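Listed below are the residues making up each chain.
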Amino acid sequence: MKKIGYIIILLFLGNTVFSQRISTGFTLGLTVFQDVKFDDNFIFPQNSYFIYYTGNDEKDDLPEYRNWVSGASTGININVDYKRWMLTLEPKGTFQSIKIPVLYPTPLGNLLDGNWSTFKVAKTSWALPALVSFKLTSKANGPFIIGGLQYEFNFYSEKNKELDSNVSDGISVFISDKEMYGVLYNENNYYSYIVGVGLKVKDKYSSIRMVKRFGGDLNLYPEADYVQIEWVLSRTLNFQKLRKGHVIYTD
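These remarks concern the structure in this document.

**A short note on the overall build of the protein chain**
Helix and strand counts for the protein chain stand at two helices and eleven strands. When the helices and strands of the protein chain are read in sequence order from the N terminus, they spell out α-β-β-β-β-β-β-β-β-α-β-β-β. A total of 251 residues make up the protein chain; the buried ones form 43% of that total. Taking all contacts inside the protein chain whose residues are at least 6 apart in sequence as the whole, residues at least 24 apart take part in 70%. Carbon and sulfur atoms make up 61% of the accessible area of the protein chain, which totals about 13900 Å².

Structure below.
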């Protein structure tokens, strides 16, 4: 997977030779929607004495949960464009809150409402998306499609023992500082792929993107599988024409 990332960066650098202009700017993002899925209705945390039930009553007991407006990001963008194409490096920092409700079955086998707990994990990341976008019209403004890869350096902390946490009294004394390690997160970084659509208006690029972790060796990843929908706004602050005297291509 690292080879793919290197190839994208090399293509980005190589295309600067043939590009029409280079631009820089800033980027703001919001994680509008996050879907968290598990393969099984029961999870077995590595650092826990407990086994938890994850079936969601609202989804026919499937182990799937949704978080809305759960994170934000900010960073810079470096763009190289040629005709309708644009290559972008978008280094940024992100913060996200991951929440998952679980149920601890009592020794008698009864699933009591009082045993529901909501575990919280705070995720901070340094991310490097390498993106390719294509304008769908020849006009200066208009819609575009976008796709690419993102590599994340991730850092996590659990928030289960804070005063405002929603953890059942029956287990709060016994949970570990890394109760959800191996379930919601682990220490491994990973690649994600990105696809989306957007709209360019003057020097602003607004897009809706789907972000999903690549497959690969499942032993490297936590049990939870994530799909995110992000809204991203990028603005170009300045640009330089790389070939003096040439104008922007419009096809």
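What follows picks up the thread again.
**Concerning the pattern of salt bridges**
A side chain of one charge can pair with a side chain of the opposite charge if their charged atoms are brought near each other. One pass over the structure, following the stated rule, counts nine salt bridges. Among the ionic pairs, Arg213 bridges to Asp225, the shortest N-O distance being 3.6 Å. Here Arg213, found in strand 10 (residues 204-213), pairs with Asp225, found in strand 11 (residues 225-241); they are twelve residues apart in sequence, far enough to count as distant. The class for Arg213 is buried, based on a relative accessible area of 11%. The exposure class assigned to Asp225 is partly exposed, which follows from its relative accessible area of 25%. Connected through shared salt-bridge partners, Glu90, Lys92, Arg209 and Glu230 make up one network.

**Topic: the pairing of strand 9 (residues 190-201)**
Bridging between strand 8 (residues 142-158) and strand 9 involves eleven bridges; their strand directions are antiparallel. Directly across from Glu152, in strand 9, lies its bridge partner Tyr190. One ladder, built from ten bridges, connects strand 9 with strand 10; its direction is antiparallel. Among the inter-strand pairings, Gly198 is bridged to a residue of strand 10, identified as Ser207. Connecting strand 9 to the antiparallel partner strand 10 that follows it, the hairpin turn spans two residues, and Lys202 within it adopts a positive phi of roughly 60°.

**Describing the packing of aromatic side chains**
A full pass over the atoms with the stated rule returns twelve aromatic pairs. The interplanar angle of 55° and the centroid separation of 4.9 Å between the aromatic rings of Phe33 and Trp68 together place this pair among those described as tilted. Linking Phe33 in strand 1 (residues 21-37) with Trp68 in strand 4 (residues 64-82), this pair joins segments that are 35 residues apart in sequence. A ring pair is formed by Phe50 and Tyr52, whose centres lie 6.1 Å apart and whose planes are at 40°; its orientation type is tilted. In this structure Phe50 comes out as buried when scored by relative accessible area, which is 10%. On the accessibility criterion, Tyr52 (0% relative accessible area) is buried.

**Considerations on the side chain of Thr118**
Mapped onto the fold, Thr118 is located in strand 7 (residues 116-135). When residues no more than four places from it in sequence are discounted, the contact partners of Thr118 are Lys99, Ile100, Pro101, Asn166 and Val167.

**Description of the nonpolar core**
Phe38, Tyr52, Ile100, Phe119, Met180 and Leu184 are the most contacted members of the largest nonpolar core, which has 21 residues in total. At the level of elements, strand 6 (92-103) and strand 7 are the ones that each hand at least two residues to this core. The element best represented in this core is strand 6, accounting for three residues. Apart from the residues within four sequence positions on either side, Phe119 is in contact with Tyr52, Ile98, Lys99, Ile100, Val102, Asn160, Val167, Ile171, Ile175, Glu179 and Met180.

**What to know about the environment of Glu223**
Here Glu223 lies in the loop between strand 10 and strand 11. Sequence separation between Glu223 and Asn186 is 37 residues; the distance between their C-alpha atoms is 9.5 Å. Once residues within four sequence positions are removed from consideration, Glu223 is found in contact with Lys37, Phe38, Ile43, Phe44, Gly182 and Val183.

**What to know about the environment of Leu62**
By the element assignment, Leu62 lies in the loop between strand 3 (52-53) and strand 4. When near neighbours in sequence (up to four residues on either side) are disregarded, Leu62 contacts Asn41, Thr54, Gly55 and Asn56.

**Structural notes on unusual backbone geometry**
In this model, Asp61 sits at a positive phi of 65°, which is unusual for a non-glycine residue. With respect to the helices and strands, Asp61 occurs in the loop between strand 3 and strand 4. The backbone of Val69 sits at a positive phi, close to 45°, despite the residue not being glycine. Inspection of the secondary structure assignment puts Val69 in strand 4. Its relative accessible area of 55% is what places Val69 among the exposed residues.

Calculation rules
Residues numbered from 1 in each chain as written. Predicted model: local features only at pLDDT ≥ 70, side-chain atom pairs only at ≥ 80, totals over all residues. Heavy atoms only, no water. Helix = DSSP H or I, 4+ residues; strand = E, 2+ residues; numbered from the N terminus. Buried < 20%, exposed > 50% of the residue type's maximum accessible area, 1.4 Å probe, protein only. Contact = heavy atoms within 4.5 Å. Areas by Shrake-Rupley, 256 points an atom, 1.4 Å probe, with all protein chains shown as cover. Salt bridge = Lys/Arg side-chain N within 4 Å of Asp/Glu carboxyl O. Pairing = 2+ DSSP bridges. Phe/Tyr/Trp six-rings, centres within 6.5 Å; stacked < 30°, edge-to-face > 60°. Core = buried A, V, L, I, M, F, W, Y, C linked by side-chain atoms within 4.5 Å.

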